[in-house]
Amino acid sequence: MTTARIMVVDDERALRETLAEHLSEIGYDVTAMETGAAALDEIASFEPHLILTDVQMPGLSGFELLSHLRTHRPDIPVIIFTGHVDVDGAIRAMRSGASDYLIKPLDLDETEEVIARCMVRVYKAIGAVAATDAAVLIRGETGTGKELVARAIHRSSPSAEAPFVGVNCAALPADLLESELFGHVRGAFTGAVGDRRGRFEAAAGGTLFLDEIGDTPLAFQAKLLRVLQEREFYPVGADRPRATDARIIAATHRSLDQMVQEGSFRQDLFFRLNVIEIPVPSLRERRSDIPLLVRFLLAKAAANAGVTPPVVPSEVMQHLGERDWPGNVRELENVVTRAVVMSRGLALTLRDVGGDASGPGVGDHTAPDEGFKLSEVRAQVESQYVQRVLVDADGNKSEAARRLGISRPTLNRIIREHRLVVP
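Rules of the game
- Residues numbered from 1 in each chain as written.
- Predicted model: local features only at pLDDT ≥ 70, side-chain atom pairs only at ≥ 80, totals over all residues.
- Heavy atoms only, no water.
- Pairing = 2+ DSSP bridges.
- Helix = DSSP H or I, 4+ residues; strand = E, 2+ residues; numbered from the N terminus.
- Axes fitted to C-alpha atoms, helices over the stretch in contact; angles between N-to-C directions.
- Contact = heavy atoms within 4.5 Å.
- Left-handed = near helix turned anticlockwise from the far one by under 90°.
- Nonpolar A, V, L, I, M, F, W, Y, C, P; charged D, E, K, R; others polar.
- Core = buried A, V, L, I, M, F, W, Y, C linked by side-chain atoms within 4.5 Å.
- Buried < 20%, exposed > 50% of the residue type's maximum accessible area, 1.4 Å probe, protein only.
- Polar contact = N/O pair within 3.5 Å; in protein donor to acceptor, adjacent residues only side chain to side chain.
- Phe/Tyr/Trp six-rings, centres within 6.5 Å; stacked < 30°, edge-to-face > 60°.

A. Focus on the sheet that holds strand 13 (residues 247-252). One open sheet holds the five strands; their spatial order is 7-10-13-6-14, and the pairing between them is parallel. The open sheet is flanked by strand 7 (164-168) and strand 14 (276-279), the only strands paired with a single partner. The average angle at which neighbouring strand axes cross in this sheet is 20 degrees, direction not considered. In this sheet, strand 13 lies alongside strand 6 (residues 136-139) in parallel orientation, the contact comprising four bridges. Bridge pairing in strand 13 links Val136 to Ile249.

Put into structure tokens, the structure is as follows:
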């Protein structure tokens, strides 16, 4: 699994070195730069997944560095450091395309939390890409969460209040795909008894997500190319075009590069769609995310089922972390959901998650193994209950603390100790 690479940019030596050392200790691959110019020189060779930069620096400022990255490397999310009295600076940072911001003097625990949230949610690019209106191509295996990435880009964009419309191109027959996306007019074909607007019109002002774009026929690809070039389309049977301002995000599990070489995908359309590419890694390539995902999915499944989240013993978590997950996050979610619904004990067993069937299974009321200490049960119950409340509160920590009857600092301590995911 590739270690996440972080670049720290700050002219203040003590802060730069302290932050770099701390991030290295918790598992990131870190490089530290003294100036924005030095950072730009190093980006091509280091290829950071995330950049943290101060605002006030000699020469190239943090905002100037951010502006350059948004133009030339929009795939790299940026977190800005700003002074504790510089509220306007924080607002400006977010409007300029920063993924998040931190107030100086930095709190290392808070910094770690913001980085983890940024890396888990966007992996490489969501926060940065959202600030642009460029076409995006998301690549990844089936089940990696490509639509979730597309929705996250939409939610973080200036068009977040406009519609997000998704289309699975592989699920539609070729003869219906054009009508589904462009709509049709009355009498366009047998059965067209009235006008029908398509998905492009439905996504007006918002985002149109074309999943499995690699499964579309060449004839349709030519028409889609025209829409991207001219920003207009013809409903089936219409003699006048209609304009569209929908942003296009496409996704595929196929190798479009190879399809272009084989002649089954148009090269000009590929270039139009692939303005910004976001690779979504398979779950086996990011095993360190599995405990975070399990806790989040467990809380979500338990909330939906109206039950208290069961404890996940260390051997069960280890088993989940070692599986290959060919179905990726979708498969993991199915396993966790099924385990929550079917489990009858305080703790999940290996059998509950499809592991070793020799242990207590579904329907068993056997207590946890003798070696499973009460303190561990309490800790995991606390962890999973707090995670559930965070999910219910939509990530609002103040609201979550109120529901839990604890202070915000206490909640932050629990989040840090259990490495919980704040939605």
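B. Structural view of the sheet that holds strand 4 (residues 78-83). Pairing within the open sheet is parallel, and its five strands lie in the order 2-1-3-4-5. Pairing within the sheet leaves two strands with one partner each, and these edge strands are strand 2 (29-33) and strand 5 (100-104). Going from strand to strand, the sheet's axes swing by 20 degrees on average, the running direction of each strand aside. Where strand 3 (residues 50-54) and strand 4 come together, four bridges link them in parallel fashion. Across the sheet, Thr53 pairs through a bridge with Ile80, a residue of strand 4. Sheet strands touched by helix 1 (residues 13-25): strand 1 (5-9), strand 2, strand 3, strand 4 and strand 5. Its angle to strand 2, the strand with the most contacts, is close to 175 degrees. The strands touched by helix 3 (residues 62-72) are strand 1, strand 3 and strand 4; relative to strand 4, the strand with the most contacts, the crossing angle is about 165 degrees.

C. Up close: the packing of helix 13 (residues 290-305) against helix 14 (residues 314-322). With their axes 10 Å apart at the nearest point, helix 13 and helix 14 run at an angle of 115 degrees to one another. Pair helix 13 / helix 14 crosses with right-handed handedness. Residues Ile290, Pro291 and Val294 of helix 13 touch helix 14, and the partners they reach there are Met317, Leu320 and Gly321. For the contact of helix 13 with helix 14, the residue count by class is five nonpolar, one polar and no charged.

D. Representation of the nonpolar core within the structure. Counting 28 residues, the largest nonpolar core has Leu181, Phe200, Leu208, Leu210, Ile213, Phe265 and Leu273 as the members making the most contacts within it. Where this core is concerned, the elements lending two or more residues are strand 7, helix 8 (174-182), strand 10 (207-211), helix 10 (218-230), strand 13, helix 11 (256-262) and helix 12 (267-273). Top contributing element to this core by residue count: helix 10, with five residues. Among the nonpolar cores identified, the runner-up in size contains 21 residues, and Leu283, Leu297, Leu320 and Val329 belong to it.

E. Quick peek at the environment of Thr337. Looking at where Thr337 falls in the secondary structure, it is placed in helix 15 (residues 328-342). Separated by 37 residues in sequence, Thr337 and Lys300 have C-alpha atoms that sit 8.5 Å apart. For Thr337, the side chain forms a polar contact with the main-chain oxygen of Glu333, separated by 2.8 Å.

F. Quick look at the side chain of Thr244. The residue Thr244 is located in the loop between strand 12 (242-243) and strand 13 in this model. Taking relative accessible area as the criterion, Thr244 reaches 9% and is therefore assigned buried. From its side chain, Thr244 meets the backbone nitrogen of Ala246 in a polar contact 3.2 Å long.

G. Here's a closer look at the environment of Pro48. By the secondary structure assignment, Pro48 is in the loop between helix 2 (36-46) and strand 3. For the pair Pro48 and Ile6, spaced 42 residues apart in sequence, the C-alpha separation works out to 5.4 Å. Each residue touching Pro48, except ones within four places of it in the same chain, is listed here: Arg5, Met7, Ile43 and Ile76.

H. Inspection of unusual backbone geometry at higher detail. The peptide bond linking Lys104 to Pro105 adopts the cis configuration, its omega dihedral lying at 0 degrees. Within the fold, Pro105 resides in the loop between strand 5 and helix 5 (108-122). Phi is positive for Arg231, which is not a glycine, with a value near 60 degrees. Note on placement: Arg231 falls in the loop between helix 10 and strand 11 (232-233). Among the residues examined, Arg231 registers a relative accessible area of 30% and is labelled partly exposed. In this structure, Asn328 takes a positive phi of about 60 degrees despite not being glycine.

I. Layout of the pairing of strand 1. Most of strand 1 sits out of view: five of its five residues are buried. Burial along strand 1 is two-sided: the face carrying Arg5, Met7 and Val9 and the face carrying Ile6 and Val8 are both buried. As paired elements, strand 1 and strand 2 share five bridges and run parallel to each other. The residue of strand 2 that forms the bridge with Met7 is Thr31.

J. Representation of the packing of aromatic side chains in the model. Applying the stated criterion to the full structure yields six aromatic pairs. Seen from their ring centres, Phe182 and Phe220 are 5.9 Å apart, and the 20 degrees between their planes marks the pair as stacked. On the criterion of sequence distance, the pair formed by Phe182 in helix 8 and Phe220 in helix 10 is long-range, its members being 38 residues apart. An identical accessibility class is assigned to Phe182 and Phe220; each is buried. Among the aromatic residues, those joined into a ring-pair cluster are Phe182, Phe200, Phe220 and Phe233.

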